[in-house]
Amino acid sequence: MTRAALSFFAVALFASCTSAPPMSSVDSVLLIRGGTLLAGTDLVQRDGEAIAVRGQRIAWIGPDDQIPSWAAAATSIDASGMTILPGLIDAHAHVEGLGTALDTVDLVGTTSVAEIASRVREAVTSAPAGSWILGRGWDQNDWAVREFPNATDLDAASAGHPVWLSRIDGHAGLANTAAIRAAGITSSTPDPAGGRILRDGRGNPTGVFIDSAMNYIDAVVPPPSRKLRKERIAEAAAAIASRGLTAVHDAGVDQQAIQLMRELVDEGKLPIRVYALLGDDDDLVQSWLERGPLLDYGNALTVRSIKLYADGALGSRGAALLAPYSDDPGNEGLLLSTAEHVESRARHAVERGFQIGTHAIGDRAVRLVLEAYRRAGVQPEHRFRIEHLQVVAPEDFAPLASRGIIASMQPTHATSDMPWAERRLGPERVKGAYAWRTVLDSGGRLALGSDFPVESVDPFLGLYAAVTRMDLDGHPAGGWMADEKLSIREAVRGFSLDAAWAAFEEKDRGSIEVGKFADFTIVEGNPMSADPSTLPETRVRYTIVNGRLVHSAP
């Protein structure tokens, strides 16, 4: 990716020909001319207009033939044939997780256990003796034989190296025999609360660990060095900017990650804005509740939210359901937090000015969270969130909206899961799954994201999924549960203004208006009027954050 050395600074926008205050000699000005501008909260298409940026904010917008004199000699971008979108925001992602995925064995798209073993075998050839082989991305639901893999499937390929491979959703992992032995797991090792060790007929672990059972293996994996973590965060941030994202909500970070991001901000090496949700660790949460939120550090980093987990994932049958899985009678999934814990965290967060975003995928988990928030006294102005909100009982959409709970959802989860979701849930319950349109029609608010690296970091794949509900091959024709589609305008809002709302930033970000920060995603063509089937091919030409060009395509 190419990052420009120049820093462009901004001032304000919207309303034709708004005049600017006198310009300081230290102000830099960026002028964007030509192209189609999506202006204001309604994303109104405006042609033949220019944007002048001063400092970090939008200073003026108006007809191209009326550019003010103070901006006439500015550095300019010719956006002819392009569309200037408000800076796109991913409302649920994992920055360091993406960096780790870029740095370990990539298992996304594997079609069998044999292919996983082949990639492990390749990694072993360059790995130091005895070192751990780590990877992520397998999904047994995509295989011809939809069964969980086994430790012995990896043993021949791993040459004695311990191997630990996370499932695509991060809610299950596959260990080989060497890794199981390193962790001391035997047939007598109990399932932990909120977790499950898959076992053979004699009670021996098969190699698959679900949700909190993964901690057994994680505890013996050597942690990455501080230097490596910082490199991974920086590499991920560069990749994120290259896809046109100007900001991400990083769902679950620890104290060292926050410190590393602060260092990158100080060094001018964090090209995107990060809204961080703290991981649910007692010491971490307590220390931040005592000190209070960190707001707009370097205009690039905010810490004011806490990430909780109510349940697991649907793909590994860990999502907590009100009734058993249709394809696994007797299994209702796993609760990872008690209602009392969610209520306590929510109550303390309200008192100390923090937001809560709780991972809840199954309908039982969603109801638990809604009730816990209610008992904690959560009001609409607190802007609490439910992350994923994948399966919702029909009667729970109304309280979600009336209590102002933000639905932080990921469109590509629906198109990834649709081949098997109905088998998990049955024909009736699936009607409340991935129900974006129902959320909006009930008066709720959507904030859209990807959950990368679980899904692709590319926001245009999310926009495509939101408006078509089809996979990249165009299946099924007309879209899966097509009544839940969004319009392209609603989808772009979900990735911009409504995502900004979910971070209390709608006054400064999320739309192109005079006075707001100059965050733009500039793409070739016009995704608002293009055939939706072409959205995945959208090419990002420029990413601008706080008036600074952070990505420029050739």
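Fair warning: this is a prediction, and the values are worked out from it, not measured in the lab.

### Considerations on the overall build of the protein chain
And step 1. From N to C terminus, the protein chain includes 17 helices and 25 strands.
And step 2. Taken over the C-alpha trace, the protein chain has a radius of gyration of 24 Å; the compact-globule value for 554 residues is 24 Å, and the two agree within 12%.
And step 3. Dimensions along the principal axes, computed over C-alpha positions, put the protein chain at roughly 80 × 55 × 50 Å.
And step 4. A buried classification covers 58% of the 554 residues belonging to the protein chain.
And step 5. The long-range fraction of contacts in the protein chain, counting pairs at least 24 apart against all pairs at least 6 apart in sequence, stands at 74%.

### Some details on the side chain of lysine 307
And step 1. With respect to the helices and strands, lysine 307 occurs in strand 18 (residues 301-309).
And step 2. With no salt bridge to any partner, buried lysine 307 finds its closest opposite charge in aspartate 451, at an N-O distance of 6.4 Å.

### Re the sheet that holds strand 7 (residues 82-86)
And step 1. Spatial ordering of the open sheet is given by 4-3-7-23-24-25, a layout of 6 strands whose pairing is mixed. Each of the sheet's edge strands pairs with one partner strand only, and the pair in question is strand 4 (44-47) and strand 25 (548-552). Across this sheet, the average inter-strand angle for adjacent strands is 20°, counted without regard to direction.
And step 2. Summarising the sheet, strand 7 and strand 23 (residues 520-524) pair through 5 bridges and their orientation is antiparallel. Residue pairing for strand 23: proline 86 is matched across the bridge by phenylalanine 520.

### Thoughts on the pattern of salt bridges
And step 1. Scanning the model with the defined rule gives 39 salt bridges in all.
And step 2. For aspartate 396, the salt bridge identified is with arginine 367, shortest N-O distance 3.0 Å. In this pair, aspartate 396 is assigned in the loop between strand 20 (385-388) and helix 11 (397-402) and arginine 367 in helix 10 (residues 363-375), connecting sequence segments 29 residues apart.
And step 3. Three or more residues joined by partner-sharing salt bridges are found here, namely Arg226, Lys230, Glu263, Glu267 and Lys269.

### A word on the sheet that holds strand 9 (residues 105-106)
And step 1. Spatially, 9-10-11-12-14-13 is the arrangement adopted by the 6 strands of the open sheet, whose pairing is mixed. Sheet topology places strand 9 and strand 13 (195-199) at the edges, where each strand pairs with a single neighbour.
And step 2. As defined by bridge partners, strand 11 (residues 163-167) adjoins strand 12 (residues 172-175) across 3 bridges and the pair is classed as antiparallel. Within the sheet, the bridge partner assigned to leucine 165 lies in strand 12 and is leucine 174.
And step 3. Against the sheet, helix 2 (residues 113-124) engages strand 9, strand 10 (133-138) and strand 11, with an angle of about 150° to strand 10.

### Regarding the packing of helix 9 (residues 339-352) against helix 10
And step 1. In the contact formed by helix 9 and helix 10, the axes pass within 8 Å of each other and the chain directions differ by 45°. Judged by the inter-axis angle, helix 9 sits oblique to helix 10. Remark: the crossing between helix 9 and helix 10 carries right-handed chirality. On the side of helix 9, the interface is formed by Ala339, Val342, Glu343, Ala346 and Arg347, while helix 10 contributes Leu368, Ala372, Tyr373 and Arg375.

### Observations concerning the confidence of the model for the protein chain
As a general rule, the predicted coordinates of low-pLDDT regions are not to be interpreted in detail.
And step 1. Per-chain confidence: the protein chain averages 93 in pLDDT, with 95% of residues scoring 70 or above.
And step 2. Under a pLDDT of 50 for its full length, residues 1-26 has, in the predicted model, 101 contacts with residues more than four places off or in other chains.

### Things to note about the pairing of strand 8 (residues 88-93)
And step 1. Within strand 8, 6 of the 6 residues are buried, which leaves it mostly tucked inside the rest of the structure.
And step 2. Pairing between strand 8 and strand 15 (residues 245-253): 4 bridges, direction parallel. Paired with aspartate 90 across the two strands is valine 248, which belongs to strand 15.

### A word on the packing of helix 1 (residues 95-103) against helix 6 (residues 226-242)
And step 1. Following both chains from N to C, one finds helix 1 and helix 6 inclined at 100°, their axes separated by 7 Å at the closest point. Between helix 1 and helix 6, the crossing angle belongs to the class labelled roughly perpendicular. Residue-level inspection shows Val95, Glu96, Leu98, Gly99, Thr100, Leu102 and Asp103 of helix 1 in contact with helix 6, the latter providing Leu228, Arg229, Arg232, Ile233, Glu235, Ala236, Ala239 and Ile240.
And step 2. Partitioning the contact of helix 1 with helix 6 into residue classes produces 8 nonpolar, 2 polar and 5 charged.

### A word on the nonpolar core
And step 1. Core analysis: the biggest nonpolar cluster contains 104 residues, and Ile240, Tyr373, Ile386 and Leu389 have the highest contact counts within it.
And step 2. Take this core: its biggest share by element is 7 residues, from helix 10.
And step 3. With residues up to four places along the chain from it excluded, the contact list for tyrosine 373 reads Val342, Ala346, Ile356, Gly357, Thr358, Val378, Phe384, Arg385, Ile386 and Ile405.
And step 4. Core analysis: the next-biggest nonpolar cluster, separate from the first, contains 21 residues, Val124, Ile133, Val208 and Ile210 among them.

### Quick notes on the packing of aromatic side chains
And step 1. Applying the stated criterion to the full structure yields 5 aromatic pairs.
And step 2. Taking 6.2 Å as the distance between ring centres and 35° as the angle between the ring planes, the aromatic pair formed by tryptophan 138 and tryptophan 143 counts as tilted.
And step 3. Owing to a relative accessible area of 4%, tryptophan 143 belongs among the buried residues under this scheme.
And step 4. Taken together, Trp138, Trp143 and Phe148 form an aromatic cluster joined through their ring pairs.
And step 5. Directly above the ring of tyrosine 297 sits arginine 262, whose terminal nitrogen or CZ lies 4.2 Å from the centroid.
And step 6. The residue whose ring lies beneath arginine 445 is tryptophan 501, and the NZ or CZ to ring-centre distance is 3.9 Å.

Reading the values: the criteria
- Residues numbered from 1 in each chain as written.
- Predicted model: local features only at pLDDT ≥ 70, side-chain atom pairs only at ≥ 80, totals over all residues.
- Heavy atoms only, no water.
- Helix = DSSP H or I, 4+ residues; strand = E, 2+ residues; numbered from the N terminus.
- Rg over C-alpha atoms; globule rule 2.2 N^0.38 Å.
- Buried < 20%, exposed > 50% of the residue type's maximum accessible area, 1.4 Å probe, protein only.
- Contact = heavy atoms within 4.5 Å.
- Lys, Arg positive; Asp, Glu negative; His and termini not counted.
- Salt bridge = Lys/Arg side-chain N within 4 Å of Asp/Glu carboxyl O.
- Pairing = 2+ DSSP bridges.
- Axes fitted to C-alpha atoms, helices over the stretch in contact; angles between N-to-C directions.
- Parallel < 35°, antiparallel > 145°, perpendicular 65-115°, else oblique.
- Left-handed = near helix turned anticlockwise from the far one by under 90°.
- pLDDT = per-residue confidence, 0-100.
- Nonpolar A, V, L, I, M, F, W, Y, C, P; charged D, E, K, R; others polar.
- Core = buried A, V, L, I, M, F, W, Y, C linked by side-chain atoms within 4.5 Å.
- Phe/Tyr/Trp six-rings, centres within 6.5 Å; stacked < 30°, edge-to-face > 60°.
- Lys NZ or Arg CZ within 6 Å of the ring centre and 35° of its normal.

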